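# Understanding the architecture of this molecule
Here is what each chain is made of, one letter per residue.
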Amino acid sequence: MVCKLCDLSPGLRLFGRRLKQTANLMVGMPDYDTYAAHRSATHPDLPVMTREEFFRERQARRYGAGGGGLRCC
Amino acid sequence: MSSAQASGKNAFNWLLWLAVSVLGAVALGVVALSRNEPINAIWLVTAAVCTYLVAFRFYSMFIGRSVLRIDPTRVTPAYRHNDGLDYVPTNKWVLFGHHFAAIAGAGPLVGPVLAAQMGYLPGTLWILAGVVFAGAVQDCIVLFVSVRRDARSLGDMIRSEMGEVPGVIAMFGILLIMIILLAVLALIVVKALAGSPWGTFTVFATMPIAILMGVYCRFIRPGRILEMSVIGVVLLLGALTYGQTVSQTPALAAMFTYSGETWALILIVYGFIAAVLPVWLLLAPRDYLSTFLKIGTIVALAIGIMVVAPVLHMPAVSRYIDGTGPVFSGQLFPFLFITIACGAVSGFHSLVSSGTTPKMIENENQIRMIGYAAMLMESAVAIMAMVAACVLEPGAYFAMNSPAGMIGTTAVQAAATISSWGFVITPDTLTQIAKDIGETTILSRAGGAPTLAVGMAHILSGVTGGRALMPFWYHFAILFEALFILTTIDAGTRVARFMIQDLAGIFVPSMRRTESWVSNVVATAIAVAGWGWFLYQGVIDPLGGINSLWPLFGISNQMLAAIALTLCTVVLFRMKQQRYAWVTIAPTVWLSVCTLVAGWEKLFDPTPAIGFLAHARVFGAALDAGKVLAPARSVVEMNRVVTNDYINAIMTAIFMALVVAMLVCGVISAMRALSNPSVTTKEVGGGLQTV
């Protein structure tokens, strides 16, 4: 029983994380942790945007020229 | 697994799919064949869901495997260009949510409500057939084509696969459809909020709430979108509740009661200001609010319909398939097929499918689920809108959706007129419905949103709250649609501005500088003037505006779908998959025929309610005779009506010319691909030939 809960809880945590990612991406905000992990893995020598900078950059991008702010009627 | 087990599982699978198919066929049979007896909405929903399941399992799999030859081993743009920002390999469920939120809008909620005047059957059949064979096919194949081309945009792909000229034609078409779309959406808001202090107050309240959220999210708790959205929703519900007090306090109610014309001017000024403000202040926070409210409302409506299982009072097929209906004029063919655009097939989705989604897809084998299935979900939203409209008494439906010029402005006149059409209703019932939802009148509130709101209030009050909560549900539905549309107007004006700067940049290079204030303001003003002009003429239109603008919007949206499907067809020919090209050729031909026939009738039909030129002739003749026809009150207004007719006619002619030009270009490109023995697609990466 206890063991089952142990198995379940990472699953639940993953579900919660995915739900949050979905809600954020619905309004055009990608996952910051994914971004940070990607940067440190591929460009460890280059500066990484902070969470706040990332938020502002993505927000401006969504509604800027050639951004993804396009939605249907 | 042993082979016996495997074959057992296989047999079970086939039995399951057989059961789903049979259930769907039975439900469709009930929906299609019951006459003179109201049916339960659950039949409609069951028929739709079974259709979607079978279509997804079989037709979309055929498209993926045989037509597109999906290759799960190919690297997608998300991996090739992974930057953690635009290009990010994303879990398919997360991406499904993103894609669905981007394609679902007010369109699928409005079209079916208007189409309900012909009964629930014609619209439902078109929504189902349209999505399976046209809408979802378009979304899915455009997504595929874009994924194989580094997630490039529709315009870009038309240029590279078909040539420069079709590229410019498509770009011009996209700009025009934006302008018409914004005008018609703004008109829906005007129709819903004119003379409604409760609705007006709550919509006004969304602005300070959004600004508060914007400041919170930028300075106080940067980036906490979800936290801020929860606060925003709570504040919105507070404003919604206080709206009732406003509507019941005469002094306050007078402050928030505006005529249609005033609302049009407010929206035009608002559209301009909102589009030049920094995005974080108003647009972004309101976008968050409206997106979450939209998803929440769709879920609530779905639960409501399943729990309440309402009965449809609208007949299966009404007498208005003959084209004399009060909501929109014109016969079932072609006008039903352009009235329901989103929900069956929407050209606009081709822009979304070639926008952000292809940059995030992990594997080609997810294209089917994201491109095809998300569109099936959108179609389900359209079915729910159809249900919401048809649960109303037909008399009430026609009272809400017929122009004042036809049914008069009092409940007594309206009830008498509508009863004489064969939809018996008493003046008391009309007054009582208005009272139930906390409004003074429900007459002539065309545009879909109020009808949907009454239907939703009807369904949701059956789940909780009963009649006492009906006014809240009604105004919640109005608020949700208005909020959503205002966001689209704001974001759409920006998109139109960038397009105008791009196009104008060809002649005046300095216009292209998006950081220059002068070029921004000029391009924004052009965009707002464009849709504002159509909006204003729609508001003062004697036939209610929706009557002339919605067909223009439908024609332009289907035109864009035909353009996107033409591109898909050309790509199939260039891939040497032409033996399967009927998958895209069939919907292209159908949409082209519908748009061209509808366009032709809008131009040349002798009935003034349908043909723009015939309408112009009636008013022109009256002008020559020195008469003033209602609702014009002066010679100046008479002249304006005539001018509007000619401009609408010119727009229609332009749309028709665009479709024909694109079809010709498509045929030429396909023939060229056919005569070339080798594969000529310009794909990026993968095993296929790149040119």
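Scroll up to find the structure.
In this report, we go over the structure that sits alongside the text. (Residues numbered from 1 in each chain as written. Chains lettered and ligands numbered in written order. Predicted model: local features only at pLDDT ≥ 70, side-chain atom pairs only at ≥ 80, totals over all residues. Heavy atoms only, no water.)

### Focus: the overall build of chain B
- Helix and strand counts for chain B come out as 27 helices and zero strands.
- Over its C-alpha atoms chain B spans a radius of gyration of 25 Å, differing by no more than 12% from the 26 Å that the globule rule assigns to 691 residues.
- Projected onto the principal axes, the alpha-carbon positions of chain B cover approximately 70 × 65 × 60 Å.
- A total of 691 residues make up chain B; the buried ones form 60% of that total.
- Summing over all exposed atoms, chain B offers an accessible surface of approximately 24,300 Å²; the carbon and sulfur share of this is 69%.
- Once the 38 positive and 31 negative side-chain charges of chain B are each reduced to a mean point, those two points are 6 Å apart. (Helix = DSSP H or I, 4+ residues; strand = E, 2+ residues; numbered from the N terminus. Rg over C-alpha atoms; globule rule 2.2 N^0.38 Å. Buried < 20%, exposed > 50% of the residue type's maximum accessible area, 1.4 Å probe, protein only. Areas by Shrake-Rupley, 256 points an atom, 1.4 Å probe, with all protein chains shown as cover. Lys, Arg positive; Asp, Glu negative; His and termini not counted. Charge placed at Lys NZ, Arg CZ, Asp CG, Glu CD.)

### Brief notes about the packing of helix H23 (residues 517-539) of chain B against helix H27 (residues 635-675) of chain B
Residue and element names in this part refer to chain B.
- At a minimum axis distance of 11 Å, the contact between H23 and H27 shows a crossing angle of 125 degrees. With respect to H27, the axis of H23 lies oblique. As H23 runs across H27, the sense of the crossing is left-handed. Contact with H23, carried on its side by Trp-533, Phe-534 and Gln-537, involves Asn-644, Ile-647, Asn-648 and Met-651 of H27 and no other residues of that element. (Axes fitted to C-alpha atoms, helices over the stretch in contact; angles between N-to-C directions. Parallel < 35°, antiparallel > 145°, perpendicular 65-115°, else oblique. Left-handed = near helix turned anticlockwise from the far one by under 90°. Contact = heavy atoms within 4.5 Å.)

### A short note on the environment of Leu-68 of chain B
- You can see Leu-68 of chain B is positioned in the loop between helix H2 (41-67) and helix H3 (77-80).
- If we ignore the near neighbours within four places in the chain, the residues touching Leu-68 of chain B are Ile-63, Ile-141, Phe-144, Arg-148, Leu-572 and Met-575 of chain B.

### What to know about the packing of aromatic side chains
All names here are of chain B.
- Scanning the model with the defined rule gives 32 aromatic pairs over all chains in all.
- Here the aromatic rings of Tyr-258 and Trp-263 are separated by 6.4 Å at their centres, their planes lie at 90 degrees, and the arrangement is edge-to-face.
- Taken together, a centroid distance of 4.6 Å and an interplanar angle of 35 degrees make the contact between Phe-398 and Phe-423 tilted. Placement of the pair is Phe-398 in helix H17 (residues 394-401) and Phe-423 in the loop between helix H19 (411-420) and helix H20 (427-436), with a sequence separation of 25 residues.
- Looking at Phe-398, the relative accessible area reads 0%, which means it is buried.
- The exposure class of Phe-423 is buried, given its relative accessible area of 10%.
- An aromatic cluster is present here, built from Phe-201, Phe-204, Tyr-242, Phe-256, Tyr-258 and Trp-263 joined pairwise through their rings.
- The cationic tip of Arg-57 hangs over the ring face of Trp-14; the distance from NZ or CZ to the ring centre is 5.9 Å.
- The positively charged end of Arg-368 is found above the aromatic ring belonging to Phe-56, 4.6 Å away from the centroid. (Phe/Tyr/Trp six-rings, centres within 6.5 Å; stacked < 30°, edge-to-face > 60°. Lys NZ or Arg CZ within 6 Å of the ring centre and 35° of its normal.)

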